[in-house]
Amino acid sequence: MGLQNEVLCRLAARGSLFRVLFLSMIVMGLLIGVVFPFFVVALGLPSGMVFRPSFFGACVLAGLLVGEINYLLARFVLAIPLKNLAGMAERVASGDLKDGGDLFCSREL
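Residues numbered from 1 in each chain as written. Predicted model: local features only at pLDDT ≥ 70, side-chain atom pairs only at ≥ 80, totals over all residues. Heavy atoms only, no water.

### Quick notes on the overall build of the protein chain
Of the regular secondary structure elements, the protein chain holds four helices and zero strands. Summarising the internal contacts of the protein chain: among those between residues at least 6 apart in sequence, 47% fall at separations of at least 24. Carbon and sulfur atoms make up 71% of the accessible area of the protein chain, which amounts to about 8,300 Å² in all. (Helix = DSSP H or I, 4+ residues; strand = E, 2+ residues; numbered from the N terminus. Contact = heavy atoms within 4.5 Å. Areas by Shrake-Rupley, 256 points an atom, 1.4 Å probe, with all protein chains shown as cover.)

### Considerations on the packing of helix H2 (residues 17-42) against helix H4 (residues 53-93)
For the pair H2 and H4, interaxial distance at closest approach is 7 Å and the crossing angle is 150°. By the angle between their directions, the pair H2 and H4 is classed as roughly antiparallel. The interaxial crossing formed by H2 with H4 has right-handed handedness. Residue composition of the contact of H2 with H4, grouped by class: 20 nonpolar, five polar and two charged. (Axes fitted to C-alpha atoms, helices over the stretch in contact; angles between N-to-C directions. Parallel < 35°, antiparallel > 145°, perpendicular 65-115°, else oblique. Left-handed = near helix turned anticlockwise from the far one by under 90°. Nonpolar A, V, L, I, M, F, W, Y, C, P; charged D, E, K, R; others polar.)

### Describing the environment of Val66
Residue position: Val66 is located in helix H4. Sequence spacing of Val66 and Ile32 is 34 residues, and the spatial spacing of their C-alpha atoms is 9.6 Å.

### Focus on the UniProt feature "transmembrane region" (unreviewed entry) in the protein chain
Mapped onto this numbering, the UniProt entry annotates "transmembrane region" (unreviewed entry) at residues 20-43 and 55-78. Between the end C-alpha atoms of residues 20-43 the distance is 34 Å, and the span holds 96% helix and 0% strand. Regarding residues 55-78, the helix share stands at 100% and the strand share at 0%, and the terminal C-alpha atoms are separated by 34 Å. (UniProt positions renumbered as here; feature names shortened; annotations may be inferred.)

### Examining the confidence of the model for the protein chain
Looking at the protein chain as a whole, the pLDDT averages 83, with 84% of positions reaching at least 70. Model confidence for the protein chain, summarised as mean pLDDT per element, is weakest for helix H1 (residues 3-14) at 72 and strongest for H2 at 92. (pLDDT = per-residue confidence, 0-100.)

### Quick word on H2
Compared with the 38 Å implied by 1.5 Å per residue over 26 residues, the 37 Å span of H2 between its first and last C-alpha is a close match. If you look at H2, its biggest bend is around 30°, right at Val35, and the proline Pro37 turns up within four residues after that. Among the residues making up H2, those that are buried are Phe18, Ile26, Gly29, Gly33, Pro37 and Val40. Contacts from the buried residues of H2 go to helix H3 (47-50) and H4. (Expected span 1.5 Å × (residues − 1). Bend = angle between axes of the 7 residues up to and from the residue. Buried < 20%, exposed > 50% of the residue type's maximum accessible area, 1.4 Å probe, protein only.)

Set out below in structure tokens:
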């Protein structure tokens, strides 16, 4: 097992995987928000306008907002199937081998 898999397994075992995901997405959004004004200047906008506190702050805030939205989207997409999978694993571990339905959606679709 690679180092990355080992770290992820340890985080998941402690229940902090989503916390790490949240922090990493927020940090990434913050970095994008801080770096974006420099790219805008490189594209030709005057630095006096770009580096005003209001514009710079809006870029950082937008980056944080995108990080938060990405986290919520990932949690929404991953958390429900993972909870269903954990429930199935617990049932199998206790000896219940009946088919409890599809993992992700109902069969009526």
